[in-house]
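Coordinates in review
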Amino acid sequence: MSPDRRDAALLAPAPGEIRADLRLVASMIDAGARVLDVGCGDGELLYHLVHTKDVDGRGMELSQSGVNACVRHGLSVIQGDADHDLEAYPSGAFDYAVLSQTLPATRNPRRVVANLVRIGRRAIVSFPNFGHWRVRLDLLLRGRMPMSQLLSTPWYETPNIHLCTIRDFLALCDEDGIAIERSITLDGQGRPFTLNPAGGPANLLAAQGLFLLSRPAR
Amino acid sequence: MSLLVPSPPVVSPVTDRPGSSLVVKEAHVLDCGVTLGPTTIAYQTYGTLNADRSNAILICHALTGDQYVAEPHPVTGKPGWWETLVGPGKVLDTERYFLICANVLGGCMGSSGPSDINPATGGVWGLSFPVITIADMVREQKHLIDHLGIEQLFCVIGGSMGGMQVLQWATSYPDRVFAAVPIATAARHSAQNIAFHELGRQAIMADPNWCGGNYHESGVRPGRGLAVARMAAHITYLSEQALHRKFGRNLQDRRALTYGFDADFQVENYLRHQGITFVERFDANSYLYITRACDYFDLAAEHGGVLASAFTGTRTRFCVISFTSDWLYPTSESRSVVHALTVAAANVSFVEIETDKGHDAFLLEEPEFHATLRGFLDGCAQHRGLDHP
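Rules used throughout
Along each chain, residue indices are assigned from 1 in the same order as the chain's sequence is written. Following the order in which they are written, the chains are lettered starting with A and the ligands numbered starting with 1. Local features in a predicted model are, by the rule used here, given only for residues with pLDDT of at least 70; side-chain atom pairs are given and counted only at 80 or more, and totals for whole chains, interfaces and linings are based on all residues. Here the C-beta atoms are placed from the backbone, and a residue counts as buried if at least 20 other C-beta atoms lie within 10 Å of its own, exposed if 12 or fewer do, and partly exposed otherwise. Numbering of helices and strands starts at the N terminus; helices are DSSP runs of H or I of at least 4 residues and strands are runs of E of at least 2. Contact definition: two residues whose C-beta atoms, as placed from backbone geometry, lie within 7 Å. Each residue gets one of three labels, nonpolar for Ala, Val, Leu, Ile, Met, Phe, Trp, Tyr, Cys and Pro, charged for Asp, Glu, Lys and Arg, and polar for the others, Gly among them. Segment limits for the domains were obtained from an automatic or database-derived domain assignment. Between any two strands, at least two bridges found by DSSP are needed for them to pair. Look down the strands so they point away from you; if going from the first strand over the helix to the second traces a clockwise path, that crossover is right-handed. Think of a nonpolar core as buried Ala, Val, Leu, Ile, Met, Phe, Trp, Tyr and Cys residues chained together by C-beta atoms that fall within 7 Å. To obtain each axis, a line is fitted to C-alpha atoms, and for helices this fit is confined to the stretch in contact; angles are then taken between N-to-C directions over 0 to 180 degrees. Note that the term roughly parallel is reserved for angles under 35 degrees, roughly antiparallel for angles over 145, roughly perpendicular for angles of 65 to 115, and oblique for everything else. By definition, turning the near helix anticlockwise from the far helix through less than a right angle yields a left-handed crossing, and turning it clockwise yields a right-handed one.

The next subject is helix α6 (residues 109-119) of chain A. Taken residue by residue, α6 of chain A has Pro109, Val112, Val113, Asn115, Leu116, Val117 and Ile119 of chain A as its buried positions. On its buried face, α6 of chain A is in contact with β1 (34-38), α5 (82-85), β4 (94-100), β5 (120-128) and β8 (208-214) of chain A.

A word on the interface of chain A and chain B. At the interface, 19 residues of chain A touch 24 residues of chain B. The element that contributes the greatest number of residues to the side of chain A that touches chain B is helix α4 (residues 64-72) of chain A, accounting for 5 residues. Here the residues of the side of chain A that touches chain B sort into 10 nonpolar, 7 polar and 2 charged.

Next up on the list: the domain arrangement of chain B. In terms of domain boundaries, chain B breaks down into domain 1 (20-188 + 298-384) and domain 2 (193-293). Relative to domain 2 of chain B, the C-alpha centre of domain 1 of chain B lies at a distance of 25 Å.

All names here are of chain B. By the criterion of burial, strand β10 (residues 177-183) is predominantly enclosed, with 7 of the 7 residues buried. Relative to β10, strand β9 (residues 153-159) runs parallel, the two sharing 6 bridges. Bridging across to β10, Leu153 finds its partner in Val177. One crossover worth recording links β9 to the parallel β10 by way of helix α2 (residues 161-172), and it is right-handed.

All names here are of chain B. Core analysis: the largest hydrophobic core is formed by 173 residues, its most contacted members being Ile57, Cys155 and Val156. In terms of domain composition, this core takes at least three residues from each of domain 1 (20-188 + 298-384) and domain 2 (193-293). When neighbours within four sequence positions are excluded, Cys155 is seen to be in contact with Ile57, Phe178, Ala179, Val181, Leu377 and Cys380.

On to the sheet that holds strand β7 (residues 192-193) of chain A, then. Residues and elements named next belong to chain A. An order of β3-β2-β1-β4-β5-β8-β6-β7 is seen for the 8 strands of this open sheet, with the pairing classed as mixed. Each edge of the open sheet is held by one strand with a lone partner, namely β3 (76-79) and β7. Its contacts with the sheet place α4 against β2 (56-61) and β3, and it is angled at close to 160° to β3. In this fold α6 packs onto β1, β4, β5 and β8, with an angle of close to 145° to the strand it touches most, β5.

Our next topic: the packing of helix α2 (residues 20-27) of chain A against helix α3 (residues 44-52) of chain A. Residue and element names in this part refer to chain A. Running from amino to carboxyl end, α2 crosses α3 at an angle of 40°, the nearest separation of the two axes being 10 Å. With respect to α3, the axis of α2 lies oblique. Our pair here, α2 against α3, has a crossing hand that is right-handed. Along the contact surface, α2 presents Leu22, Val25 and Ala26, while α3 presents Glu44, Leu45, His48 and Leu49.

This part covers the pairing of strand β5 (residues 56-60) of chain B. Residues and elements named next belong to chain B. Among the 5 residues that make up β5, 5 are buried, leaving the element largely enclosed by the rest of the structure. Burial along β5 is two-sided: Ala56, Leu58 and Cys60 facing one way and Ile57 and Ile59 facing the other are all buried. Where β5 and strand β8 (residues 98-102) come together, 4 bridges link them in parallel fashion. Across the sheet, the residue bridging to Leu58 is Ile100, located in β8. When β5 meets β9, the two strands line up parallel, connected through 4 bridges.

The structure is reproduced here in structure tokens:
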């Protein structure tokens with residue numbers, strides 16, 4: 001084995017050992033599906049899907065280091081961002097379009113979500129819930145911009161410019177006629193717990209939300 | 001010392017060229033409408049073709065490249081132009097893949113070109129050789145691939161003009177290409193690209209020794225013109241940072257300016273050297289024909305002006321690679337190829353490699369580029385069912 005190849009082997013995540021929330025995303029995806037992962041980072045989810053579910057996976061990632069890491073691991077990934085580069089994809093090109101934890105960092109989240117449900121027959125979207133009680137308490141008691149495991153950067157350097165609560169997101173989907181097929185509430189570690197996402201407690205207790213969406217009927 | 005680039009000696013053509021050649025007996029109609037043939041394709045191979053002929057990689061060389069990818073050049077003795085990438089255990093692993101590289105149609109290293117004898121007249125073709133295109137080059141290469149009995153190439157790869165051939169292959173013969181790697185290239189030649197080529201051609205034609213293209217018969221060579229063409233082109237292959245890092249304003253073998261037009265600066269000396277050594281191995285008329293082929297390249301034009309249409313329904317896996325400091329074929333050109341592939345829902349990867357080495361980066365030791373390419377090829381090999389050696 002050459003040194004290069006050994007490096008690649010070390011860097012490659014072992015299938016199965018992925019972040020808890022990504023494992024949930026993966027559980028929503030059928031084997032053999034065509035998947036576009038928008039904001040795929042270093043390819044953790046894609047690599048898992050390609051190697052355990054035999055999906056035809058593609059990715060888009062903003063950071064060059066992320067893209068290069070993906071391609072080094074044999075994944076099909078292009079450099080691009082959700083705001084500008086989703087328009088090019090034909091409608092219905094994928095079974096699933098995934099946007100995990102990147103929604104608040106987009107310039108136009110509404111258009112991004114609309115594009116996701118256009119490109120994919122289904123879209124899977126997860127995001128940190130700004131209505132979580134810790135977030136609320138931070139602002140209420142400390143008077144500081146909230147920081148948590150999911151919102152880990154201070155206000156002056158956070159990429160998150162469009163934060164929302166679970167309720168906000170549900171309202172947007174309702175307004176745009178996007179159907180919510182499944183929703184899961186998660187704690188800070190990405191572990192699921194059972195709560196009706198439309199209810200007040202979910203918006204207070206869930207650190208993040210994960211939604212399976214489908215495009216509006218035309 | 002001469003102020004001009006010295007005129008190099010007239011070199012007799014290499015007759016004993018290592019490698020193989022194929023004579024294509026049937027005549028073929030070129031894009032310009034002229035029928036040409038029989039033609040000769042000079043090529044080199046490395047590694048071994050496997051039993052089911054599924055491990056072949058076609059390497060397409062750039063404007064001034066040739067088939068001597070991974071061995072000393074028969075004229076200059078210098079290492080092969082892609083030895084950083086091609087060899088046992090390297091990214092283009094000769095123990096795993098069967099690598100093929102053919103001198104392009106119009107070239108001067110054994111494939112049919114303007115310095116050959118025109119059988120109809122018995123004289124050297126010169127400017128009576130028909131103008132060729134990138135598509136003509138690729139059609140010629142397809143004869144070779146057919147001859148080698150390869151139904152589908154595992155990969156077609158190349159940088160610069162080589163990348164144009166890759167794109168042409170992938171659109172002309174999509175079923176014959178499993179994976180395509182166009183590097184530091186574009187789907188069309190820009191006005192700036194054409195302008196630089198025209199500068200080079202004018203330099204050649206302005207050399208009195210060019211003799212209207214009939215220099216072979218006059219026993220002279222337009223060495224100065226060709227050297228100037230090379231010098232101008234060479235600047236476009238480098239970045240401002242790379243030139244500065246390498247030479248700065250350093251003086252050449254002297255402590256002070258000479259207040260004359262001798263090569264005071266190292267960069268001048270370097271360019272002159274590039275010009276002179278190029279002339280030893282390259283034919284001026286070939287330079288005219290091959291630069292013209294690049295200028296005429298416009299993949300979208302073949303498909304109603306819509307680049308995406310060129311890739312409709314393609315099943316080829318693409319890996320598009322560009323370099324940050326390449327201003328000759330900038331990342332924006334690669335991006336439009338990626339955009340078109342995306343619209344066509346093709347399987348595409350795209351990486352832009354951070355480097356200050358300019359366009360030439362694809363020929364140089366660039367670890368990130370090599371690691372990315374290795375990952376892409378490994379992934380493709382897995383899908384193609386190629387075993388690791």
